[in-house]
Amino acid sequence: MARKTSALVALLLFVVLTGAAIVVSGSRPASDPGAVPAVLQIAGYLCALAAGVLLLTEQEPATRRIGMVVTGAVVLLGLLDALVSDDGGADIGAGLVRLLLLVVMAVVTVRLSLAVSAGRRSTS
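Basis of the calculations
- Residues numbered from 1 in each chain as written.
- Predicted model: local features only at pLDDT ≥ 70, side-chain atom pairs only at ≥ 80, totals over all residues.
- Heavy atoms only, no water.
- Patch = residues over 30% accessible without salt bridge, like charges linked within 9 Å, V, L, I, M, F, W, Y side chains within 5 Å.
- Areas by Shrake-Rupley, 256 points an atom, 1.4 Å probe, with all protein chains shown as cover.
- Salt bridge = Lys/Arg side-chain N within 4 Å of Asp/Glu carboxyl O.
- Helix = DSSP H or I, 4+ residues; strand = E, 2+ residues; numbered from the N terminus.
- Buried < 20%, exposed > 50% of the residue type's maximum accessible area, 1.4 Å probe, protein only.
- 1 Å grid on protein atoms, 1.4 Å probe; cavity = no way out; pocket = protein on both sides within 12 Å on 5 of 7 lines; lining within 4 Å.
- Points joined across faces, edges and corners; volume = space filled by probe spheres on them.
- Axes fitted to C-alpha atoms, helices over the stretch in contact; angles between N-to-C directions.
- Left-handed = near helix turned anticlockwise from the far one by under 90°.
- Contact = heavy atoms within 4.5 Å.
- Nonpolar A, V, L, I, M, F, W, Y, C, P; charged D, E, K, R; others polar.
- Core = buried A, V, L, I, M, F, W, Y, C linked by side-chain atoms within 4.5 Å.

Caption draft 1: Focus on a nonpolar patch on the surface. The grouping of I42, L46, L49, V53, V75, L76, L79 and L83 at the surface amounts to a nonpolar patch, some 740 Å² of accessible area in total. Mapped onto the nonpolar patch, the elements with two or more residues apiece are helix 2 (36–56) and helix 3 (61–83). Note on placement: L49 falls in helix 2. Looking at L49, the relative accessible area reads 32%, which means it is partly exposed.

Caption draft 2: Just the layout of surface pockets, in detail. Approximately 200 Å³ is the volume found for the second largest pocket. Around the second largest pocket, the lining residues are K4, E60, A62, T63, R65, I66, V69, V107, V108, R111, L112 and A115. Counting only elements with at least two residues in the lining of the second largest pocket, the list comes to helix 3 and helix 4 (92–123).

Caption draft 3: Seen up close, the packing of helix 1 (residues 2–26) against helix 4. Running from N to C, helix 1 and helix 4 point in directions that differ by 145°, and their axes come no closer than 10 Å. Note that helix 1 runs across helix 4; the crossing there is left-handed. On helix 4, the residues touching K4, T5, A7, L8, L11, L12, F14 and T18 of helix 1 are R98, L102, M105, V108, T109, L112, S113, V116 and R120. In terms of residue class, the contact of helix 1 with helix 4 is made up of ten nonpolar, four polar and three charged.

Caption draft 4: Structural view of the nonpolar core. In this structure, L11, V70, M105 and L112 are the most contacted members of the largest nonpolar core, which totals 19 residues. Broken down by secondary-structure element, the contributors of at least two residues to this core are helix 1, helix 2, helix 3 and helix 4. Apart from the residues within four sequence positions on either side, M105 is in contact with L11, F14, A48, V70, A73 and V74.

Structure follows, in structure tokens:
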């Protein structure tokens, strides 16, 4: 059960760091965003990847499936950030894919938090 809790904390860190990267990126001029948003986002991806690995090492098949979803979504988000150039212009397709992947991560985080809280209720 400790792995699920650690994975949940790592996913929540991903959410916080992604939000911080968006806020910092939005507060800077598009012509010179700096490196801070990218560093925050990479740290968030590393937290989410750690959560995926923790979930993949669980014994329950449902938890391993969640780990595969998290790991796959993080890899796709990382590839999307690496391959799509951020030249200040809008890329609607990449933005839609990023939004869908972030929604998947949000749903997984909520499901994992429900599982962790249900496990804590059953043990107390």
